[in-house]
Amino acid sequence: MDWIEQCSEEDKKRFVEETVEKYARFINPGLVRLFKFANFNTVEWKGKGAKVWDIFGNQYIDCIGGFGVFNVGRNHPRVVEAVKRQLDYLPLSTRTLFNRQQADLAEMLAQITPGELQYSFFCNSGAEAVEGAIKLARFYTGRKKLVSALGGFHGKTMGALSVSGREVYKKPFEPLLPETYQVPFGDAEAMAQAVDEQTAAVILEPIQGEGGIILPPPDYLSEVRKICDARGALLILDEVQTGLGRTGAMFACEHYGVVPDILALAKGLGGGVLPLGAFMSTPQIWTVFEDNPFIHSSTLGGNPLSCAAGIETLKVLQEEEIPQQAARKGEYLLSALQGLAIQFAPLIKEVRGKGLLVGVEFFDSDVASLLAMEMAQRRVLVAYTLNNPKVIRLEPPLVITKEELDLVLEVFEASLKSVQGILEEIGG
């Protein structure tokens, strides 16, 4: 029996109070205030599939999904077992002997990624993958200039932050990387004006996540590809959030028939069990790493334990047809939410998405916050997007069942009615 099941309700309450106090004293008091305001005032305890349970045994449907981490679900038994097996042998690498798990994972990625992407460097997060991609682009081209999109999000380390597109996260840390420029997402003409013969790379999310689930015009990425080719710049696609089945294809760039020069991955790559990121490129571009293979390195990146999780995750994605599941379930969810948008037209501006990456944009960010709190009270977890607080994101594990989606939709509608009632009371 789980020891927590033997605890009294009073013991559990004390456990939560102690946890919150430690957050306030040793992590961040502001985070405590934010969690309490959002009504996330409990301690998560265990998870399975699309569900998570708190310390009191309350069950939640997780439509945040770690912002794209749990593509194959929480605690997928095959991924967990693969990690347990590897744990008994060699969790971390010597860094001086060959690592078979890393080699096998790199081979598998080369087999499933588009175009001539072949070589991989493994790290621990999406921000690290983006940092490596930027360094590779500058090293290969010998250029410094980087162009990205307003509203884009690539991480919060210095290089990744430099090419991200919201000032509130950037201003306190300036000066960031020089020669970084942002243009409107989806505007090919603005991109053509910004990219020149001094540009090392353009970096984009195929679909903006933190920007508010913004889909590009159908021909936008192919136009950017042509612009890069004409100027000798590289195209980096950040598929940290959109990759590995999330949008209904293994990689979102496949929807648009575009192959990047460098691809950044993370989040779902570790199967929701261990941190794992990677950036990939072609044999031609990777040649600059050959003379000094330690010019870019990571002590813990590509460790056997994380790579074992990654290998099994890629197998599960393919064998259980997870991207195809995401496509079908995403169409169902999107259609139902668009129906609710008509019903609650004074509140909802637009519903958009691809696969199980769906955004609901409200006219007011306060309404979005209220909705997230109302849904949390009904034990469905959603969150607004970092670069656009008016947008509530639904990004559940791709293994979520239709029955669970139906419950999410019921809660969404009930919460909208509650928010509507609150606004009517305020309005008099």
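Thresholds, definitions, all that
- Residues numbered from 1 in each chain as written.
- Predicted model: local features only at pLDDT ≥ 70, side-chain atom pairs only at ≥ 80, totals over all residues.
- Heavy atoms only, no water.
- Phe/Tyr/Trp six-rings, centres within 6.5 Å; stacked < 30°, edge-to-face > 60°.
- Helix = DSSP H or I, 4+ residues; strand = E, 2+ residues; numbered from the N terminus.
- Buried < 20%, exposed > 50% of the residue type's maximum accessible area, 1.4 Å probe, protein only.
- 1 Å grid on protein atoms, 1.4 Å probe; cavity = no way out; pocket = protein on both sides within 12 Å on 5 of 7 lines; lining within 4 Å.
- Points joined across faces, edges and corners; volume = space filled by probe spheres on them.
- Pairing = 2+ DSSP bridges.
- Axes fitted to C-alpha atoms, helices over the stretch in contact; angles between N-to-C directions.
- Patch = residues over 30% accessible without salt bridge, like charges linked within 9 Å, V, L, I, M, F, W, Y side chains within 5 Å.
- Areas by Shrake-Rupley, 256 points an atom, 1.4 Å probe, with all protein chains shown as cover.
- Salt bridge = Lys/Arg side-chain N within 4 Å of Asp/Glu carboxyl O.
- Core = buried A, V, L, I, M, F, W, Y, C linked by side-chain atoms within 4.5 Å.
- Contact = heavy atoms within 4.5 Å.
- Polar contact = N/O pair within 3.5 Å; in protein donor to acceptor, adjacent residues only side chain to side chain.
- Right-handed = clockwise from strand over helix to strand, strands pointing away.

A separate point is the packing of aromatic side chains. Applying the stated rule across the entire model yields 8 aromatic pairs. When the ring of Phe-15 is compared with that of Trp-45, the centres are 5.9 Å apart and the planes differ by 85°; the resulting orientation is edge-to-face. Of this pair, Phe-15 sits in helix H1 (residues 9-26) while Trp-45 sits in strand E1 (residues 44-48), and the two are 30 residues apart along the sequence. Given the relative accessible area of 25%, Phe-15 is considered partly exposed. For Trp-45, a relative accessible area of 29% gives the class partly exposed. Ring centres 5.4 Å apart and planes at 70° place the aromatic pair Phe-185 and Tyr-220 in the edge-to-face group. Of this pair, Phe-185 sits in the loop between strand E6 (180-183) and helix H9 (188-194) while Tyr-220 sits in helix H10 (residues 220-231), placing them 35 residues apart in sequence.

Moving on, we come to empty space enclosed by the protein. In total, this model carries 1 cavity of 30 Å³ or more according to the counting rule given. Roughly 30 Å³ of internal volume is contained in the largest cavity. Lining the largest cavity are Gly-68, Asn-71, Glu-239, Val-240, Gly-243, Leu-244, Leu-265, Ala-266, Lys-267 and Gly-268.

Judged by pairing direction, the sheet is mixed, and its 7 strands sit side by side in the order E4-E10-E9-E8-E7-E5-E6 without closing on themselves. Of all strands in the sheet, those with a lone pairing partner are strand E4 (119-123) and E6, marking the two edges. Averaged over neighbouring strand pairs, the angle between their axes works out to 20° when direction is ignored. Strand direction decides the pairing type here: E4 and strand E10 (residues 277-281), joined by 5 bridges, are antiparallel. Considered in E10, the bridge of Phe-122 is made with Ala-278.

To continue, consider the sheet that holds strand E13 (residues 380-381). By definition, the strands of a sheet pair up through backbone hydrogen bonds, in either a parallel or an antiparallel sense. Overall, mixed pairing links the 4 strands, which are arranged E1-E2-E3-E13 in an open sheet. For this open sheet the edge positions go to E1 and E13, each flanked by a neighbour on one side alone. Pairing between strand E2 (residues 51-54) and strand E3 (residues 59-62): 3 bridges, direction antiparallel. Bridge pairing in E3 places Lys-51 opposite Ile-61.

Here the focus is a nonpolar patch on the surface. A surface patch of nonpolar side chains, amounting to about 580 Å² of accessible area, comprises Tyr-23, Phe-26, Ile-27, Leu-34, Phe-35 and Tyr-384. Counting only elements with at least two residues in the nonpolar patch, the list comes to H1 and helix H2 (29-37). Looking at the element boundaries, Leu-34 is found in helix H2. What makes Leu-34 partly exposed here is its relative accessible area of 43%.

Attention now moves to the nonpolar core. Within the largest apolar cluster, 86 residues are counted, with the highest numbers of intra-cluster contacts made by Met-191, Leu-204, Leu-337, Phe-362, Leu-394 and Phe-412. Cys-123, Ala-133, Leu-234 and Ile-236 belong to the second largest nonpolar core, which has 24 residues in total.

Below, the discussion takes up the pattern of salt bridges. What the rule picks out here adds up to 22 salt bridges. Between Arg-78 and Glu-312 there is a salt bridge, with the nearest N and O atoms lying 2.9 Å from each other. Taken together, the residues Arg-78 in helix H4 (residues 77-87) and Glu-312 in helix H12 (residues 304-319) connect sequence positions 234 residues apart. Residue class for Glu-312 comes out buried when judged on its relative accessible area of 10%. Two residues, Lys-171 and Glu-174, come together in a salt bridge whose shortest N-O distance is 3.4 Å. Judged by relative accessible area, which is 38%, Glu-174 ranks as partly exposed. Within this structure, Glu-210, Arg-246, Arg-393 and Glu-395 form a network of salt bridges that share partners.

Quick look at the side chain of Glu-361 now. Of note, Glu-361 is situated in strand E12 (residues 357-362). Among the residues examined, Glu-361 registers a relative accessible area of 11% and is labelled buried. Look past the residues within four positions of Glu-361 in its chain and what remains in contact with it is Ile-348, Lys-349, Glu-350, Arg-352, Asn-388, Lys-390 and Val-391.

As for its position among the elements, Thr-199 is in strand E7 (residues 199-204). Under the relative-accessibility criterion, Thr-199 is labelled buried at 0%. Here the side chain of Thr-199 touches Asp-196 through a polar contact of 2.9 Å, landing on its backbone nitrogen. Setting aside residues up to four positions removed in sequence, Thr-199 forms contacts with Arg-143, Lys-145, Val-147, Ala-194, Gly-232 and Ala-233.

Counting buried positions along strand E8 (residues 234-238) yields 5 of 5 residues, so the element is predominantly enclosed. Handedness of the crossover joining E7 and E8 through H10 is recorded here as right-handed. Sheet topology note: the E8/strand E9 (residues 262-265) ladder contains 3 bridges and is parallel. Along E9, the bridge assignment pairs Ile-236 with Ile-262.

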